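# Descriptive structure summary
Read off the chains here:
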Amino acid sequence: MPSLMICKAQRRFDLLQGKFSGFLKQHEDCLLRLYKSNGYLLVSCNGGLNQMRAAICDMVTVARYLNLTMVIPELDKQSFWADPSDFGDIFDVNHFIDSLRNEVKIVKELPQKFSEKVPLSMQPISWSSEKYYLRQILPLVRKHKVVRFSKTDSRLANNGLPLKLQKLRCHVNYNALRFTPSIEALGNKMISTLRRTGSFIVLHLRYEMDMLAFSGCTHGCSDEETEELTRMRYAYPWWKEKEIDSEKKRLEGLCPLTPGETTFVLKALGFPRDTRIYIASGEIYGGEKRLAVLKKEFPNIVRKETLLSDDELRPFQKHSTQMAALDYLVSVASDVFIPSNDGNMAKVVEGHRRFTGFHRTIQLDRKKLVELIDLFEDQELTWEEFSVAVKELHGGRMSQPTRRRIIPGQPKEEDYFYANPHECLGPAKKRRDRLKHMEI
């Protein structure tokens, strides 16, 4: 008899346990992850908006893996742009904290007991695996309680991380990092205005003074402009490369296309004259004079300065990172995105467009393009031959589903995680395939 009662009790316990496990599985997204914090992580981001964006995703992932409490990141105020914006001026802080509450504890400032403590400041090794942080960084945090990462760009490997960590990077990027309501509202207003006249493309024309000075790319510039850009490069000691062969770099495909070269490419790809083009960029070096050829061939060109009133833009005008956030929103929403350079914005926007449904991004092969452009300008190719060659060159460079290219020991040369986070793209690929099937 006692054994029968024990068996019945065991069955009831198993039943309740099964129901509870089912409840946990059903509602796991609503349950807080409880853990004992190993210390506090302070993060000082460096670079422009998209370099900082990727870094924030990486640092949240590191904090989650090491069971650290993360303080809202500090943004770069010392770089070329000298933008005084704080995290809360660009991103929705409360949404950021709330959307990550099941993964990592995030606070707006250090507790009072640590406010006067000088944190251990360090720069993590670039492209490190999660094991580096576990073996090298965690013991330091446990010892010092508060650690500051003074550089955060590209500090986490593209590949080889556990799937859960890769998916967390995506969750931070595409869900947690929402822009402030004021930025979102203006971005959506521009998108609505552009949509009223049909489809539109975004041209990320990275032909700005800082890019040209940093890269040493002066093709098409006057002697005076070349001297000005060179002086600027030498004025920034953290720009390590000083003596640069501009033409060699261009022929290697390492320079942004000029507005004139971009005009050739757009025409060769078959975009009609009345194409609505939104230019996403800061101030173009050389101003309207340098844009003249592009505007002559494609007169339906707009920018945020033409879509928004002076009053609407005034709060953002001395904040280049906030202005870049407006460009980011329009770029992600466009029918076609074409970057003239493969910098951080080009890569991060491409990845975001893959995540939202593999929307068309044309990845220009600049090395082959400048060769073709030079042949055409030297009259060694007819326009028809040039156009056919450009189309054939880019037939397979339009964001088709693919896996990242991995190059062991050369993380800078392999495909960037945030340009193609293939671990997170299953739902987007299914939506894409379903739409293609419906079209058939």
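Residues numbered from 1 in each chain as written. Predicted model: local features only at pLDDT ≥ 70, side-chain atom pairs only at ≥ 80, totals over all residues. Heavy atoms only, no water.

Here we come to a positive patch on the surface. Residues Lys36, Lys113, Arg142 and Lys145 make up a contiguous surface patch of positive charge. Tracing the backbone through its elements, the reader meets lysine 36 in the loop between α1 (2–26) and β1 (40–43). Accessibility expressed as a relative area gives 74% for lysine 36, which makes it exposed. (Patch = residues over 30% accessible without salt bridge, like charges linked within 9 Å, V, L, I, M, F, W, Y side chains within 5 Å. Areas by Shrake-Rupley, 256 points an atom, 1.4 Å probe, with all protein chains shown as cover. Salt bridge = Lys/Arg side-chain N within 4 Å of Asp/Glu carboxyl O. Lys, Arg positive; Asp, Glu negative; His and termini not counted. Charge placed at Lys NZ, Arg CZ, Asp CG, Glu CD. Helix = DSSP H or I, 4+ residues; strand = E, 2+ residues; numbered from the N terminus. Buried < 20%, exposed > 50% of the residue type's maximum accessible area, 1.4 Å probe, protein only.)

In this section: the state of the cysteines. Per the stated rule, a full pass over the model turns up two disulfides. Disulfide pairing places cysteine 170 opposite cysteine 424 at an S-S distance of 2.0 Å. Classification of the bridge connecting cysteine 170 and cysteine 424 rests on its S-S torsion, roughly 85°, and on that basis the disulfide is right-handed. Of this pair, cysteine 170 sits in helix α6 (residues 163–176) while cysteine 424 sits in the loop between α18 (383–393) and α19 (426–439), placing them 254 residues apart in sequence. (Disulfide = S-S within 2.5 Å.)

Our next topic: the domain arrangement of the chain. A common way to state how big an interface is: give the accessible area lost once the parts meet. Taken as a whole, the chain is organised into domain 1 (27–176) and domain 2 (181–436). Spacing between the C-alpha centres of domain 1 and domain 2 amounts to 29 Å. Approximately 2,700 Å² of surface area, both sides summed, lies buried where domain 1 meets domain 2, with 61% of it carried by carbon and sulfur atoms. It is Asn50, Phe80 and Tyr174 in domain 1 that bury the most area against domain 2; as a group they hold 25% of the surface buried on that side. At the junction of domain 1 with domain 2, the criterion picks out zero salt bridges. Between domain 1 and domain 2 we count 15 residue pairs in polar contact (both at pLDDT 80 or more) in total. (Domains from an automatic or database assignment. Buried area = accessible area lost by both parts, 1.4 Å probe. Polar contact = N/O pair within 3.5 Å; in protein donor to acceptor, adjacent residues only side chain to side chain.)

Let us look at the sheet that holds strand β10 (residues 360–361). Sheet architecture is open: five strands sit in the order β8-β7-β6-β9-β10, paired in parallel fashion. Pairing within the sheet leaves two strands with one partner each, and these edge strands are β8 (301–302) and β10. The pairing of strand β7 (residues 277–279) with β8 spans two bridges and is parallel. Opposite tyrosine 278, over in β8, you have valine 302 as the bridge partner. (Pairing = 2+ DSSP bridges.)

The next thing to look at is helix α15 (residues 320–333). Compared with the 20 Å implied by 1.5 Å per residue over 14 residues, the 20 Å span of α15 between its first and last C-alpha is a close match. Within α15, eleven of the 14 residues are buried, which leaves it mostly tucked inside the rest of the structure. Buried residues of α15: Thr321, Gln322, Met323, Ala325, Leu326, Asp327, Tyr328, Leu329, Val330, Ser331 and Val332, and no others. (Expected span 1.5 Å × (residues − 1).)

Within the open sheet, the five strands sit side by side as β3-β2-β1-β5-β4. Their pairing is parallel. Two strands in the sheet have a free side with no partner beyond their single neighbour: β3 (106–107) and β4 (120–122). With two bridges joining them, β1 and strand β2 (residues 69–71) adopt parallel strand pairing. Directly across from leucine 41, in β2, lies its bridge partner methionine 70. Each of β1, β4 and β5 (146–149) touches helix α5 (residues 130–144); the most contacted strand, β5, lies at about 130° to it. (Contact = heavy atoms within 4.5 Å. Axes fitted to C-alpha atoms, helices over the stretch in contact; angles between N-to-C directions.)

This paragraph deals with the environment of tyrosine 236. Positionally, tyrosine 236 belongs in the loop between α9 (223–235) and α10 (246–251). Once the C-alpha coordinates of tyrosine 236 and serine 79 are considered, the two residues, 157 residues apart in sequence, prove to be 9.3 Å apart. Ignoring anything within four residues of it in the chain, the contact list for tyrosine 236 reads Phe80 and Lys242.

Although it is not a glycine, serine 154 sits at a positive phi angle of roughly 55°. Position of serine 154 relative to the elements: it lies in the loop between β5 and α6. Given a relative accessible area of 23%, serine 154 falls into the partly exposed group. One non-glycine residue with positive phi stands out, namely phenylalanine 358, at about 55°. With respect to the helices and strands, phenylalanine 358 occurs in the loop between α16 (344–355) and β10.

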